[in-house]
Amino acid sequence: MKVSSWVSKVAPPPRRDGDLAHRGAVMGVSHGLEHALWFAGSPAKAVETPTYRRSNAFPHVAEEVRAVREAVGVCEIANYSKHEVKGPGAEAFLDRMLPANLPGPGRFALSPLLTPAGKLYGDLTVARLADDRYMLFGSYAVQNMHRRWFETHLPAEGVSYRNVTDDFHGLAIAGPKSRDVLRRLVRDDVSSEAFRFMDIRPMIVGNVPTLVARVSFTGELGYEIYCAPAHQLRLFEAIEEAGAEYGLRLFGGRALMSMRLEKNWGVWTMDFRPDFTAAQSGLDRFMALNKPVDFIGKAAALKEKAAGPARRLVTMTVETKDIDCWGDEPIFHEGKCVGYVTSGGYAHHVRKSMAMGYVPPECAGDGTKLEIELLGEFYAATVTAKAQTVEIEYWQYFFKERVTAIDALIKTFEAANPGIKVKHTHFPYAQYQTKVAAAVPAGEGPDVVQLYYGWLEEYRKANLLAPLPKDQFDPAMVEKEFFPIVKAMKAEGSYWGLPTAVRSMALFYNKLVRSYSENESIKILG
């Protein structure tokens, strides 16, 4: 038999579930790595029509964002570099290399990397795996630049360095249900108290040895899970199986970039580059200029702090309809070009077109009106110094004491969360129930309505409310979260009627933050 005819009769290997192309992934290439941009739902639809405006990817990316914001999503994170530094002199070495304070064992911190001139040379996550062992995560694109930098400054003894980028691939899970998924895959205690934000530790996840970090670039509760490349497919299958009942959905790079925009988070190679300084980019907030160590770039950073940065990275909302910034679009102020966009896109959760770019300090104030040129036309843009505001409308029936209590609660919540505004409307009691009964089924009501606890079943029977899962209506959790303010209200004599109001505020909080204190980007009453 000829070899060619024998080969033609051999059955192809079975397709594994981790084949992203089979899942409808539209693939892209970034710095030599192929990765999923977005998911079309089927291979037949996995084609993006070229356009300078919003493409056919737009609704698919929106659904991926919604899944992460409301439930849980998973994406591949192979495109981070990893650098291992260890030895008895590792702490002293990194303390000089990095301007940030180093984390303790089992923790990680964010830090820029500076040149002697104070320019950005990296944007790193620094994890301390043991007293004398560190892992640094950065941009895949500049891993060799960083390798040369570390090797150039390495002392003669006491410290060893390795670029271990290809030794670790990984997956990220993110969303309010991500902890539920992780719990099903590990024996470790991953509660908020036992596994805090910015903790990192080895874990067996779905029978796979991994390194798990509690962090997410989406701004949601999330985890980055790293493992050997040979185990990544098994890890993916375990996560997908565990996440099925929680609505787990694959999401790609476009959704990730959309979510980070509304959090005002920059990206290396676009918003963070050696063209800019830490103060200009805002990364100086992670530096410890007062630490005694003379870290690389310290003198230049102190000098710039005294003089003030010549420009600042800002986030802008852009008034467009079917087009978004990408990068390098000129920014104008009063007819004069004052800068260029470094990155941009559509923030699906807050439903706004957004962009980031460097402008002079006098143009960087919150609310400054600018213009951005796109395809030869000028679009109004506004500088926003804070993460984007999500407005939630809340209806309540009027009892003076209850309105006072809820107003105080909302005021406290808004003070802790500048990115969320609550529109609080109250009605006379006699009108309230009729108004809600008419508005809710018509889809014209607010985001949240106040209900007597006893009304809930009546409204459910009338199909005016969707069933509430038990974990979304937990009076014990509400009492714990609200205890400090309830105690204060009791002292002020304004507690009357608050028990039922607190129960309805459980619905209110569920709408805003979905999982109470589980959301990394939102504080719960301090």
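Starting afresh in each chain, residues are numbered from 1 along the sequence in its written order. With the structure being a predicted model, the display of local features is reserved for residues of pLDDT at least 70 and the display and counting of side-chain atom pairs for 80 or more, all residues being used for whole-chain, interface and lining totals. Hydrogens and water molecules were not included; the side-chain quantities draw on all heavy atoms of the structure.

Focus on the overall build of the protein chain
Convention followed: Per the convention used, a helix needs a DSSP run of H or I reaching at least four residues, while a strand needs a run of E reaching at least two, with both numbered from the N terminus. Note on classification: 1.4 Å probe, protein chains only; a residue is buried when its accessible area is under 20% of the maximum for its type, exposed when over 50%, partly exposed between these limits. In this analysis, two residues are considered to be in contact whenever any of their non-hydrogen atoms come within 4.5 Å of each other. To be clear on the numbers: accessible area is Shrake-Rupley with a 1.4 Å probe, and residue cover counts the displayed protein chains and nothing else.
Summing up its helical and strand segments, the protein chain has 14 helices and 22 strands in all. Relative to its 526 residues, the protein chain shows a buried fraction of 51%. Long-range contacts, defined as pairs at least 24 residues apart, comprise 67% of the intrachain contacts of the protein chain with a sequence gap of at least 6. Surface accessibility of the protein chain: about 25,100 Å² in total, with carbon and sulfur atoms responsible for 53%.

Some points on the pairing of strand 7 (residues 133-139)
Successive side chains on a regular strand alternate, one facing one side of the sheet and the next facing the other. Heads up, the condition is: At least two DSSP bridges between two strands are needed for those strands to be called paired.
The buried fraction of strand 7 is high, at six of seven residues. Bridge analysis of strand 4 (residues 80-86) against strand 7 gives seven bridges, and the strand direction is antiparallel. If you follow Lys86 over to strand 7, its bridge partner there is Arg133. Note that strand 6 (residues 120-130) and strand 7 share five bridges and pair antiparallel. Looking across to strand 7, one finds that Ala127 is bridged to Met135. Linkage of strand 6 to strand 7, two consecutive antiparallel strands, is achieved through a turn of two residues.

Points about the pattern of salt bridges
What counts, and what does not: For this analysis, a salt bridge means a side-chain nitrogen from Lys or Arg found within 4 Å of a carboxyl oxygen belonging to Asp or Glu.
Inspection of every chain in the model, using the stated rule, returns 21 salt bridges. Here Asp95 makes a salt bridge to Lys291, at a shortest N to O gap of 2.8 Å. Taken together, the positions of Asp95 in helix 3 (residues 90-97) and Lys291 in the loop between helix 8 (278-281) and helix 9 (298-307) put the pair 196 residues apart, joining distant regions of the chain. The two residues Asp95 and Lys291 agree in class, both being buried. Close ionic contact of Asp167 with Arg162 constitutes a salt bridge, the shortest N to O distance being 3.5 Å. Put simply, Glu84, Arg133, Arg162 and Asp167 are held in one network by salt bridges that share partners.

Focus on the packing of aromatic side chains
We count it as follows: Aromatic pairs are defined between Phe, Tyr and Trp rings, using the six-membered ring for Trp, whenever the two ring centres lie within 6.5 Å; interplanar angles under 30 degrees are classed as stacked, those over 60 as edge-to-face, and all others as tilted.
In the structure shown here, the tally under the stated rule is nine aromatic pairs. Both rings, one in Phe195 and one in Tyr223, keep their centres 6.0 Å apart while their planes meet at 5 degrees; by these two values the pair is stacked. Within this pair, whereas Phe195 is found in the loop between helix 5 (178-183) and strand 10 (200-205), its partner Tyr223 is found in strand 12 (residues 222-227), the two being separated by 28 residues in sequence. Look at Tyr223 and you get buried, because its relative accessible area is 0%.

Considering the confidence of the model for the protein chain
If pLDDT is low for a region, its predicted coordinates should not be looked at in detail. Rules: As a per-residue measure, pLDDT tells how confident the predictor is, with possible values from 0 to 100.
Of the residues in the protein chain, 70% have a pLDDT of 70 or more, and the chain-wide mean is 80. Summarising per-element confidence for the protein chain, the mean pLDDT is lowest in helix 12 (residues 455-461) (38) and highest in strand 15 (residues 330-333) (98). For the stretch residues 1-15, pLDDT sits under 50, and the model shows two contacts to residues farther than four places along the chain or on other chains. Across residues 440-526, confidence stays below pLDDT 50; counting only partners more than four residues off in sequence or on other chains, it has 169 contacts.

A look at the nonpolar core
Nonpolar side chains tend to gather and get buried jointly when the protein is soluble and globular. The test is simple: What makes a nonpolar core is a set of buried Ala, Val, Leu, Ile, Met, Phe, Trp, Tyr and Cys residues whose side-chain atoms join them at distances within 4.5 Å.
One finds Val85, Leu94, Leu98 and Leu136 to be the most contacted residues of the largest nonpolar core, which totals 38 residues. In this structure Leu98 touches Ser111, Pro112, Leu113, Leu124, Val126, Leu136, Lys291 and Phe295, once residues within four positions along its chain are discounted. Among the nonpolar cores identified, the runner-up in size contains 29 residues, and Ala25, Ile173, Val205 and Leu250 belong to it.

Focus: the sheet that holds strand 17 (residues 352-359)
Selection rule: Interaxial angles span 0 to 180 degrees and are taken between N-to-C directions of axes, which are lines fitted to C-alpha atoms, for helices over the stretch in contact.
Spatially, the six strands close up into a barrel ordered 14-17-16-15-18-19, and their pairing is antiparallel. Within this sheet the neighbouring strands show an average axis-to-axis angle of 45 degrees, counted without direction.

Some words on the sheet that holds strand 11 (residues 208-213)
Judged by pairing direction, the sheet is mixed, and its six strands sit side by side in the order 10-11-12-9-3-13 without closing on themselves. Single-partner strands in this sheet number two, and they are strand 10 and strand 13 (249-250). By the bridge criterion, three bridges tie strand 11 to strand 12 in an arrangement that is antiparallel. Across the sheet, the residue bridging to Val212 is Ile225, located in strand 12. Sheet strands touched by helix 6 (residues 232-243): strand 3 (73-76), strand 9 (169-174), strand 10, strand 11, strand 12 and strand 13. Its angle to strand 9, the strand with the most contacts, is close to 15 degrees.

With respect to unusual backbone geometry
For Asn264, which is not glycine, the phi torsion reads 65 degrees and is therefore positive. Turning to its location among the elements, Asn264 is positioned in the loop between helix 7 (253-261) and helix 8.

Some remarks on the side chain of Glu262
Basically, it comes down to this: Polar contacts here mean pairs of N or O atoms no more than 3.5 Å apart (in protein, one a potential hydrogen donor and the other a potential acceptor; neighbouring residues in sequence count only if both atoms are side-chain atoms).
For Glu262, the location among the structural elements is in the loop between helix 7 and helix 8. A polar side-chain atom of Glu262 sits 2.5 Å from a polar atom in the side chain of Arg69.

Looking at the environment of Pro43
Turning to its location among the elements, Pro43 is positioned in the loop between strand 2 (33-39) and helix 2 (58-70). Residues within four places of Pro43 in sequence aside, it is in contact with Ala21, His22 and Gly24.

A short note on the side chain of Thr384
If you trace the backbone, Thr384 turns up in strand 19 (residues 377-384). Using a relative accessible area of 14% as the deciding quantity, one classes Thr384 as buried. When neighbours within four sequence positions are excluded, Thr384 is seen to be in contact with Asn264, Thr315, Met316, Thr317 and Asp366.

A word on helix 4 (residues 143-153)
Just so we agree on the cut-off: By construction, the arc corresponds to the directions joining the helix axis to the C-beta atoms.
Taken together, the buried positions of helix 4 are occupied by Gln143, Met145, His146, Trp149 and Phe150. Axial view of helix 4: buried residues confined to an arc of 160 degrees, hence all on one face. Here the buried face of helix 4 lies against strand 4, helix 3, strand 5 (107-114), strand 6, strand 7 and strand 8 (160-163).

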